[in-house]
Amino acid sequence: MRTRRYGAIKLGSQTNVALLGLLAIAFLTGWLAFAFGTAPARLSLIVHATGGVAILLLLPWKSMIARRGLARPRGGRWASIGLGMLVLLSIAAGLGHSTGLVLSWGPFSSMEVHVGAALAAIPLAVWHVVARRVKVVRADLSRRTFMKGSVALGAAAVSYAASEILVRAATLPGGARRFTGSYEAGSFQPAVMPVSSWMFDAIPVHDPDAWTLRTPGREWSLRELATFDDRMIATLDCTGGFYSTQEWTGVRLDRLLPDIRESSIRVVSSTGYDRRFRAGEAGSLLLATRFGGTPLDAGHGFPARLVAPDRRGFWWVKWVVAIEVDDVPYWWQSPFPVQ
Ligand code: HEM
Ligand code: HEM
Ligand SMILES: Nc1nc2c(c(=O)[nH]1)N[C@H]1C(S)=C(S)[C@@H](COP(=O)(O)O)O[C@H]1N2
Ligand SMILES: [Mo]
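Residues numbered from 1 in each chain as written. Chains lettered and ligands numbered in written order. Predicted model: local features only at pLDDT ≥ 70, side-chain atom pairs only at ≥ 80, totals over all residues. Heavy atoms only, no water.

*Asks:* Let's hear about the side chain of R311: which residues, and what values?
*Replies:* Checked against the element boundaries, R311 lands in the loop between β12 (305-307) and β13 (320-326). Given a relative accessible area of 17%, R311 falls into the buried group. (Helix = DSSP H or I, 4+ residues; strand = E, 2+ residues; numbered from the N terminus. Buried < 20%, exposed > 50% of the residue type's maximum accessible area, 1.4 Å probe, protein only.)

Below is the structure:
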C-alpha cells in the first residue's frame with residue numbers, strides 16, 4: 001500500500017517536473033525561432049514542436065494529477081484550470097496553424113492566438129509552480145527516470161515527424177509552409193499583400209510634400225529619393241504567420257550613408273518604432289519607396305519602409321523618417337520591438 005502510494009506521488013512529481021521543463025523549452029525555442037529569418041528558425045521549431053507534442057502526450061498523466069488536486073479543498077483551483085485552458089488553447093492554435101486546418105480565430109491569426117495564449121499563461125504558470133510546489137527526491141533522479149524521459153521525448157519526436165508526413169500526404173495547406181512555419185500571401189501582388197504591425201502601431205498618414213528623411217548631415221525629400229532605382233526581390237516573413245515576396249524599389253542604405261565609420265545604423269519610424277543594424281549591413285538593406293512598380297500605400301509604409309532580406313518582418317521598419325548612425329552596438333536593443 002505504502003509503495004503504491006509512493007509510486008503514484010513519484011509519477012506525479014516526475015510528470016510535473018517534465019511539464020515545467022517542456023514549457024520552458026517551448027517558450028525559449030518559440031522566441032528563438034522568431035529571432036531568425038534563416039535556417040536556425042527551422043531547427044528551433046523542430047525542438048519546439050517536439051516539446052509541444054510532449055506536453056500533449058503527458059496529458060493522461062497530468063489529468064490524473066489534476067483530478068487528485070481538484071479533489072482537495074483549497075484556493076487557486078481556478079487559476080490552475082485557467083492555466084490548463086490557456087496551454088490547451090495555445091497548443092490547439094499551434095496545431096491549427098501547422099496543419100493549416102484552422103488559420104484564423106476571428107480577427108486573429110492562429111499564430112497570434114498561439115503566442116498570445118502562451119504569453120497569458122506565464123503568470124498563471126509561475127503562480128502554479130510556486131503554489132503547488134513539488135518535492136524532488138533523490139530517487140527521482142535515477143537512471144530509470146532518465147530513460148522514461150528519453151522514451152517520452154522520442155515518442156513526441158516520432159509523433160511530430162508523423163504529423164508532418166501526414167500533413168503532406170493528406171495535402172493539407174500546412175504542407176506549403178515556409179521553413180519558419182509561415183504561409184504565402186500576396187506575393188508579387190502588392191494590392192493583396194497583408195498589412196501587419198508588431199503590436200499597436202496605428203497607420204500614420206504622411207503628406208508626401210512635407211515628409212522628409214533625415215540622414216547624417218542632410219535631409220531628403222520624397223522627390224529626391226524617388227530618383228534612385230535600386231531593386232531587390234525579398235521576402236517579408238511576419239511572425240504572425242504569413243510571408244510575402246515582392247520586388248522592392250528604392251535606395252540601398254550604403255548610398256545614403258557613403259562614409260559611415262560608426263558601428264551601427266538606427267532606422268526610425270515616425271511612430272517611434274525603431275530597429276538597429278550593424279554598419280556592415282548597409283549594402284544589403286534597402287529603403288523602399290515602391291513595390292511591384294507601384295508606390296507604397298500607407299499600410300505598407302508610405303512614403304518609405306525598410307527592406308531587410310533574411311530578417312523577420314519586425315525588422316522591416318515602416319514609415320521611416322530618420323536613419324541615424326552611432327557607436328551604440330547593434331545588439332544593444334530589445335531583441336523584439338516593445339511597441
Ligand atoms: C501544462 C502545465 C500545467 C497545467 C495545465 C496544470 C494544471 C493543473 C491542474 C488543473 C491542477 C489541479 C488543480 C489544483 O490543484 O490547483 C494541478 C495540480 C497540481 N499541479 Fe499542475 N499544471 C501544469 C504544470 C505543473 C507544473 C510545471 C508543476 C510543478 C512543477 C505542477 C504541479 C502541480 C501540483 C503539485 C499539483 C497538486 C496535485 C495534488 O494536489 O495532488 N503543475 N495542475
Ligand atoms: C505554452 C507554450 C507553447 C507551447 C506548448 C507550444 C506548442 C506548439 C505546438 C504543439 C505547435 C505545433 C507544432 C507542430 O506540430 O507543427 C507549435 C507551433 C509553433 N509555435 Fe509554439 N508553443 C508555445 C509557445 C510558443 C511561443 C511563445 C512562440 C513564439 C514566440 C511559439 C511559436 C511557434 C511557431 C512559430 C509555431 C509554428 C511552427 C510551424 O508551423 O512549423 N510557440 N507550438
Ligand atoms: N513603424 C512600424 N514598422 C513596422 C511595424 C510596426 O508595428 N511599426 N511592424 C513590423 C512587422 S511585425 C511586420 S511583419 C511588417 C509588416 O509589414 P506589412 O504591413 O507591409 O506587411 O512591418 C514591420 N514594420
Ligand atoms: Mo510581424
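*Asks:* Requested: an account of the coordination of the iron atom of ligand 2, with residues and values cited.
*Replies:* Protein-derived ligands of the iron atom of ligand 2 are H48 (NE2) and H114 (NE2), with the metal-ligand distances lying across 1.9 Å. If you look at the iron atom of ligand 2, its six donor atoms make angles of 87 to 179° with each other, and the shape they trace is octahedral. With H48 in helix α2 (residues 40-57) and H114 in helix α5 (residues 110-131), this residue pair connects regions lying 66 residues apart in the sequence. For H48, a relative accessible area of 17% corresponds to the buried category. When its relative accessible area of 16% is taken as the criterion, H114 is described as buried. (Donors = N, O, S within 2.8 Å, 3.2 Å for Na, K, Ca; no water. Tetrahedral: all angles 85-135°; square planar, octahedral: opposite > 155°, others 65-115°.)

*Asks:* Report on the packing of aromatic side chains, specifying residues and quantitative values.
*Replies:* Evaluation of the coordinates by the stated rule reveals 11 aromatic pairs. Ring centres of F314 and F336 lie 5.3 Å apart, and the angle between their planes is 55°; this geometry places the pair in the tilted category. Here F314, found in the loop between β12 and β13, pairs with F336, found in the segment after β13; they are 22 residues apart in sequence, far enough to count as distant. Each member of the pair, F314 as well as F336, carries the same accessibility label: buried. Each residue in the set W31, F34, W198, F277, F314, W315 and F336 is aromatic and connected to the rest through ring pairs, giving one cluster. Positioned above the aromatic ring of Y330, the side-chain terminus of R278 is 4.5 Å from the ring centre. (Phe/Tyr/Trp six-rings, centres within 6.5 Å; stacked < 30°, edge-to-face > 60°. Lys NZ or Arg CZ within 6 Å of the ring centre and 35° of its normal.)

*Asks:* An account of a nonpolar patch on the surface is needed here, citing residue identities and associated values.
*Replies:* Together, V17, V134, V136 and L141 line one region of the surface with nonpolar side chains, adding up to about 330 Å² of accessible area. Topologically, V17 is positioned in helix α1 (residues 2-35). (Patch = residues over 30% accessible without salt bridge, like charges linked within 9 Å, V, L, I, M, F, W, Y side chains within 5 Å. Areas by Shrake-Rupley, 256 points an atom, 1.4 Å probe, with all protein chains shown as cover. Salt bridge = Lys/Arg side-chain N within 4 Å of Asp/Glu carboxyl O.)

*Asks:* Break down the layout of surface pockets for me, citing the residues and quoting the values.
*Replies:* A water-sized probe rolled over the atoms picks out the places where empty space is left. Estimated volume of the largest pocket: approximately 1,500 Å³. Together, 44 residues line the largest pocket, and N16, K62, I65, A66 and H128 are the ones closest to its centre. Elements with a contribution of two residues or more to the lining of the largest pocket: α1, α2, α3 (59-71), α4 (77-99) and α5. Broken down by element, the lining of the largest pocket gets its largest block of residues, 12 residues, from α1. Split by residue class, the lining of the largest pocket holds 25 nonpolar, eight polar and 11 charged. (1 Å grid on protein atoms, 1.4 Å probe; cavity = no way out; pocket = protein on both sides within 12 Å on 5 of 7 lines; lining within 4 Å. Points joined across faces, edges and corners; volume = space filled by probe spheres on them. Nonpolar A, V, L, I, M, F, W, Y, C, P; charged D, E, K, R; others polar.)

*Asks:* Describe the nonpolar core, and please don't skip the residues or the numbers.
*Replies:* L213, W248, L253, L256, L287 and I323 are the most contacted members of the largest nonpolar core, which has 44 residues in total. Counting residues per element, this core draws most heavily on strand β10 (residues 286-291), which supplies four residues. Mapped onto the domain boundaries, this core takes at least three residues apiece from domain 1 (2-176) and domain 2 (183-326). (Core = buried A, V, L, I, M, F, W, Y, C linked by side-chain atoms within 4.5 Å. Domains from an automatic or database assignment.)

It is worth stressing that arrangement in space is one thing and function is another; only the former is reported here.
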